[in-house]
Amino acid sequence: MRAPGKRLRLGDLAEKLGISTATVSLALRDSPLVAKETRQRVKDYATEVGYIYNRSAASLRTSQSDMIGVAVHDILNPYFAEVFRGLEEVLAEQNKTILICNHRDILKRQNQFIDTLLQHRVDGLILCPSVGTDPDRINQIAEQGVAITLVCRDLPGVQTPCVRGDDYRGSYMMTQHLIEQGHRHIAMIGGRRQSSSGRDRNNGWRAALRDAGIDPDKQLDIPELMTQKDGQAAVPQILAANPRPTAVACFNDLVALGVLTAVRRAGVEPGPELAITGYDDIEGVQNRTPSLTTVANGAEVIGREAAYIMLKQINGEPVPSGIKLIRPELRIRESAPPVGTRLSPVVEV
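The structure presented is a predicted model; accordingly, all values stated were derived computationally and were not measured. (Residues numbered from 1 in each chain as written. Predicted model: local features only at pLDDT ≥ 70, side-chain atom pairs only at ≥ 80, totals over all residues. Heavy atoms only, no water.)

Peer 1: How should I be thinking about the nonpolar core in this particular structure?
Peer 2: As a rule of thumb, nonpolar side chains are buried together in soluble globular proteins. Core analysis: the biggest nonpolar cluster contains 50 residues, and Ile189, Val248, Val259 and Ile276 have the highest contact counts within it. Taken together, the elements giving at least two residues each to this core come down to strand S1 (67-72), helix H5 (78-93), strand S4 (147-151), strand S6 (186-189), helix H10 (228-240), strand S8 (247-250), helix H11 (253-265) and helix H12 (299-314). When residues no more than four places from it in sequence are discounted, the contact partners of Val248 are Ala187, Ile189, Ile238, Val259, Leu274, Ala275, Ile276 and Thr277. Leu125, Ile138, Ile148 and Leu155 belong to the second-largest nonpolar core, a separate cluster that totals 17 residues. (Core = buried A, V, L, I, M, F, W, Y, C linked by side-chain atoms within 4.5 Å. Buried < 20%, exposed > 50% of the residue type's maximum accessible area, 1.4 Å probe, protein only. Helix = DSSP H or I, 4+ residues; strand = E, 2+ residues; numbered from the N terminus. Contact = heavy atoms within 4.5 Å.)

In structure tokens:
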């Protein structure tokens, strides 16, 4: 009988089952070095007696914790839920556990999360870096042998892999589409310009305007907005602008949905009276009225690719630093027609 409150040890399980402590440890980690029947017998007994595997002690023996830290700036954005889905599909197959931080672009929060995970010997970090992240800090961590992959945002000066959408190309394509619909007053709404995604989407918008002979500096350009609430708050400024935009290219779908809701409340019909576009193609935007014209930014693909790169690093395989761009795709729906035009619903298959 164990004394009350005393934790079960690997040795207790090994003694009861008549096998070595090492075999019990390997079986609980589902190692193929242990016969399938033995693995199942160990797991069944561990469940029966309520044994809790000491992963911290195991990580000291194996130099791996099977934990991956993931930090993003807005966990409430459905786009990142799709990135997580891609990450989890790949990492779960290798029995990796994901620990999530929502740093909200607060550098202190991100740094505290990273420090805590390093103290717990995580195998790797997947970061959508906060605005203000020091590239030297990231490089120092990587030089200590911690696998790091950046997602969705790159960070100049960082010598680690990065997977993100081609934000410049996607924004250029969207703005070009609006120009082809006859719009000449096209506002850019949102995006943190200190981040690569905010900067590149703004630059893509500017380049498309310039190539069409339109001066971007004479267009309404409102930075920093990121959420539906931000989009709603921007509508008075949009409607009061002179000349008033006939179209708005929003930094992401959340901002676009906020604009769409608020202009309707202001008595302006979204689509015919103000073309609205988003970015990311999050789940559900095709079902709004009007359905949202947007850019599919490859969220799940980004998540899967980042996970594959992470696993290669953990396994000691050579992985080149640099940015891997995922090609964006334009999703043309009802919310961005020519001026005064109402598009029929688009049936997507």
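Peer 1: Mind showing me how you'd approach the confidence of the model for the chain here?
Peer 2: Interpretation of the predicted coordinates at a detailed level should be avoided for regions scoring low in pLDDT. Here the chain averages 90 in pLDDT, while 93% of its residues score no lower than 70. Below a pLDDT of 50 lies the segment residues 1-5, which in the model reaches three contacts outside its immediate sequence neighbourhood of four places, other chains included. (pLDDT = per-residue confidence, 0-100.)

Peer 1: How should I be thinking about the pattern of salt bridges in this particular structure?
Peer 2: Oppositely charged side chains can form a pair if their charged atoms are brought close together. Throughout the structure, instances matching the rule amount to 23 salt bridges. Arg192 is paired through a salt bridge with Glu224; the nearest N and O atoms lie 3.8 Å apart. Of this pair, Arg192 sits in the loop between S6 and helix H9 (196-211) while Glu224 sits in the loop between strand S7 (221-222) and H10, and the two are 32 residues apart along the sequence. Residues Glu305 and Lys324 are paired through a salt bridge, measuring 2.7 Å at the closest nitrogen-oxygen approach. Placement of Glu305 in helix H12 and of Lys324 in strand S11 (residues 322-326) is noted, with a sequence separation of 19 residues between them. (Salt bridge = Lys/Arg side-chain N within 4 Å of Asp/Glu carboxyl O.)

Peer 1: Explain helix H7 (residues 135-143) here, please?
Peer 2: What sets the pattern is the α-helix's 3.6 residues per turn: residues three or four places apart point alike. Turning to H7, its buried residues are Ile138, Asn139 and Ile141. Buried residues of H7, seen end-on, are gathered within an arc of 160° and therefore sit on one face of the element. On the buried face of H7, the contacting elements are helix H6 (107-119), strand S3 (124-127) and S4. Where H7 starts, the residue carrying a side-chain oxygen 3.0 Å from the main-chain nitrogen of Asp136 turns out to be Asp134. Among the residues trailing H7, Gly145 stands out with phi positive, at a value near 100°. (Arc of directions from axis to C-beta. Polar contact = N/O pair within 3.5 Å; in protein donor to acceptor, adjacent residues only side chain to side chain.)

Peer 1: Please clarify how the side chain of Thr133 should be interpreted in this entry.
Peer 2: Note on placement: Thr133 falls in the loop between S3 and H7. Here the side chain of Thr133 touches Gln110 through a polar contact of 2.9 Å, side chain to side chain. Engagement of the side chain of Thr133 in a polar contact is seen with the backbone oxygen of Ser130, the distance being 2.6 Å. With residues up to four places along the chain from it excluded, the contact list for Thr133 reads Leu107, Gln110, Ile138 and Leu155.

Peer 1: Can you walk me through the sheet that holds S6 in this structure?
Peer 2: Strand order in the open sheet formed by four strands is S7-S6-S8-S9, and the pairing between neighbours is parallel. Every other strand in the sheet has two partners, leaving S7 and strand S9 (275-277) as the edge strands with one partner each. Contacts from H11 reach S6, S8 and S9, with the element oriented near 155° to S9. (Pairing = 2+ DSSP bridges. Axes fitted to C-alpha atoms, helices over the stretch in contact; angles between N-to-C directions.)

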